[in-house]
Amino acid sequence: MSAPGGIRSTCPYCGVGCGVLLSEDKNGALSVRGDPDHPANFGRLCSKGSALGETLGLEHRLLAPKIDGQDSDWDTALDLVADRFSQSIRDHGPDSVAFYVSGQLLTEDYYVANKLMKGFIGSANIDTNSRLCMASSVAGHKRAFGSDTVPGTYEDLDEADLVVLVGSNLAWCHPVLYQRLLAARKSRGTKIVVVDPRRTASCDGADLHLALQPGSDVALFNHLLREIGARGAVDPDFLQHTNGFEAALEAAQLETLSPTGLSEEEVRAFCDMWIGTEKTVTIYSQGVNQSTSGSDKVNAILNCHLATGRIGRPGMGPLSVTGQPNAMGGREVGGLANMLACHLDLENPDHRQAVRDFWQAPQMPEVLGLKAVDMFRAVADGRIKALWVIHTNPAVSMPDSAAVRAAIEACPFTVVSDITEHSDTARLARVLLPASAWGEKDGTVTNSDRTISRQRAALPAPGAARPDWQILCEVGKRMGWHAAFDYESPVEIFREYAALSGLAGQFGRDFDISGLSGLEASAYDTLAPTRWPVIADRSGGRFFADGNFYHGDKKARLLPLRYRPPAARTGPKYPFRLNTGRLRDQWHTMTRTGLSPRLGAHMPEPFLDLHPNDAATLGITPADLVEVRSPNGSAILRARISDAVQPGQVFAPIHWTGETAPSGRIDDLVAAETDPVSGQPESKASVVAVQKMEAA
Ligand code: SF4
């Protein structure tokens, strides 16, 4: 939709989902400004969003299909992909193939990929890089609420009196939300607490920083639950809508504070603020999710909000913020190996049958598919014989990434659809399919507060690039399912998806956007940002203040939880705990942000932060090159000496790849240990040794 200031679209980076206005500048280049009318950002943009116009060049773009490194044409490449997938299914069954997709995909792309794999191929082997980002939040929501429902909204940040950031460097990773929080602090004096082993940029505006030991969040929130009970801060009326409080409290009372490494005074100050402030929002992100106890950490936070009834009311509640622009849309279409479309359950035979009937699909898997880490293990041991990777770079972003590279290289047939041919994964693929990039494609995304926004095309797709939904449909048709994948445009897919969500409503589930199923193409074109639910009467778009949850008895669950340490233990051989994370001005493996010199200037090379005491012990001075070794691999990084990290802990950013820093791939160091409930890897608590590189 062209507005007076340009075409309205959505930023393709983080889950804040900021609205942008795209227009041509006087030199004919695409200029990007914040959309003043978008409810996520009201015109604000961060450094990454405002540099979008600098990242649209064709350097490294994949412009034609390629087979074995040679340019090809679409028909040849699509026939080959369809033939090899069909052959594998014929010879070895549907579970011998897999799709590994991305939170960068638009909802319409995601929907079609999920429909093809689950309903027509007949396997649930579709998983996503969002598994590395928010799977523990999904699992925590489902355990507590009976559905993957985010209770709150961004407006709650404007109305809260206390915001607690747990494992979230909001200032760098969701910068526009952080700006919104700072504005609330200025206007109404909102207090901010940061719970993070590192002193991050988010601590600059904080009233209290709890530098707990990595992985000890359950111990901290169990202590808070205990204090809630001891100080009579429980909401007895709201507890009528829950089960499990007594057991959760009993487990919390067995906990000690020692795993946190925090002093009694620090924790008392935190409990005083939390318990004494009714309008409290707890925001959590990768520091909570990326852990072998990630789901428990999420539920430990939810326990406290449920016990006090601080959920779904203005200015209060838990809020999980997603890393990617459409991680939420992926959850909604069921783009995970353990979910069905529209928040229906793969384990539920009635749900399976209803979706199968709706799709008129030949089959529907009855068992869960392989989650990301297990999927690449299955590639490595030969169970997966045909793999399609879409808009993501697992060869460098999965834990134990050297093993993932070896697995992809050995896979009998690998396809990559992407905008670049220069990723570590694309270099290993047999077939490359050129996909349209942000700015060239049309569809929808859902941000962290359930707001569906349009991404709109402002540029023609270069070369032979095509939208992902079209590529997937062409393969589906060639595999024999012509009618099911015969879409002409994204709006047709969106209408079908919205109609399917009506089934969720019939089954009493949360995700129902069937009110949008009759959208004309013109209405889809002009669709304004829309937060779901669009049908249910939910005050302010929030869930659960009315005490209605999605378990069979309509009650929420508090869980009895105990602290569990990270999977890997430090010791004489690997004495340091490695934390990994994002930088302010880079995104994922820098496919796009790496094209902007302005963004690159912020932190130009990979580095390792270590504490001054540890640097002194190891004889390391600033800017020395250091070798970092783990049981899984090694990397060479530039040392930065900083007391932002605690003694015995080190931090390194995730962004550099084999292309940009061959010796600095951080995920080569990370062990493939996962949360037993969510399957999310523990990316923030590996163990490493550090030593100074001697001059040759
Ligand atoms: Fe884009 Fe996120 Fe920055 Fe908003 S906060 S402009 S969505 S990167």
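Predicted model only: the values in this text are computed from it and were never measured.

A closer look at the environment of Gly330
Within the fold, Gly330 resides in helix α14 (residues 327-332). Expressed as a C-alpha distance, the spacing of Gly330 and Val97, which sit 233 residues apart in the sequence, is 20 Å. Aside from chain neighbours lying at most four places away, what touches Gly330 is Gly103, Leu105, Tyr110, Thr128, Ser130 and Gly335.

Quick look at the nonpolar core
Residues Ala113, Leu608 and Val650 are the most contacted members of the largest nonpolar core, which totals 125 residues. For Ala113, the residues in contact, after removing those within four places along its chain, are Phe99, Val101, Ile126, Gly335, Ile390 and Leu472. By size, the runner-up hydrophobic cluster in this structure holds 85 residues, among which are Leu177, Val195, Val281 and Tyr550.

Digging into the pairing of strand β26 (residues 649-653)
For β26, the buried fraction is high: 5 of the 5 residues fall into the buried class. One ladder, built from 2 bridges, connects strand β23 (residues 607-610) with β26; its direction is antiparallel. By the bridge assignment, Asp609 is partnered in β26 with Phe651.

Some details on the domain arrangement of the protein chain
As far as domains go, the protein chain holds domain 1 (2-55), domain 2 (66-132 + 328-526), domain 3 (135-321 + 552-557) and domain 4 (576-692). Taken together, the contacts link 18 residues of domain 2 with 19 residues of domain 4. When contributions to the side of domain 2 that touches domain 4 are tallied by element, the ones reaching two or more residues are α16 (372-380), α17 (394-397) and α18 (401-410). Of the residues contributing to the side of domain 2 that touches domain 4, the split by class is 8 nonpolar, 6 polar and 4 charged.

Here we look at the sheet that holds strand β19 (residues 451-455)
The strand order β18-β19-β20 describes an open sheet built from 3 strands, whose pairing is antiparallel. In this open sheet, the two edge strands, each paired with only one partner strand, are β18 (443-446) and β20 (530-531). Pairing of β18 with β19, which is carried by 4 bridges, proceeds in the antiparallel orientation. Bridge pairing links Val445 to Ser453 in β19.

Reading guide: rules and limits
Residues numbered from 1 in each chain as written. Predicted model: local features only at pLDDT ≥ 70, side-chain atom pairs only at ≥ 80, totals over all residues. Helix = DSSP H or I, 4+ residues; strand = E, 2+ residues; numbered from the N terminus. Contact = placed C-beta atoms within 7 Å. Core = buried A, V, L, I, M, F, W, Y, C linked by C-beta atoms within 7 Å. Buried ≥ 20, exposed ≤ 12 C-beta atoms within 10 Å, placed from the backbone. Pairing = 2+ DSSP bridges. Domains from an automatic or database assignment. Nonpolar A, V, L, I, M, F, W, Y, C, P; charged D, E, K, R; others polar.

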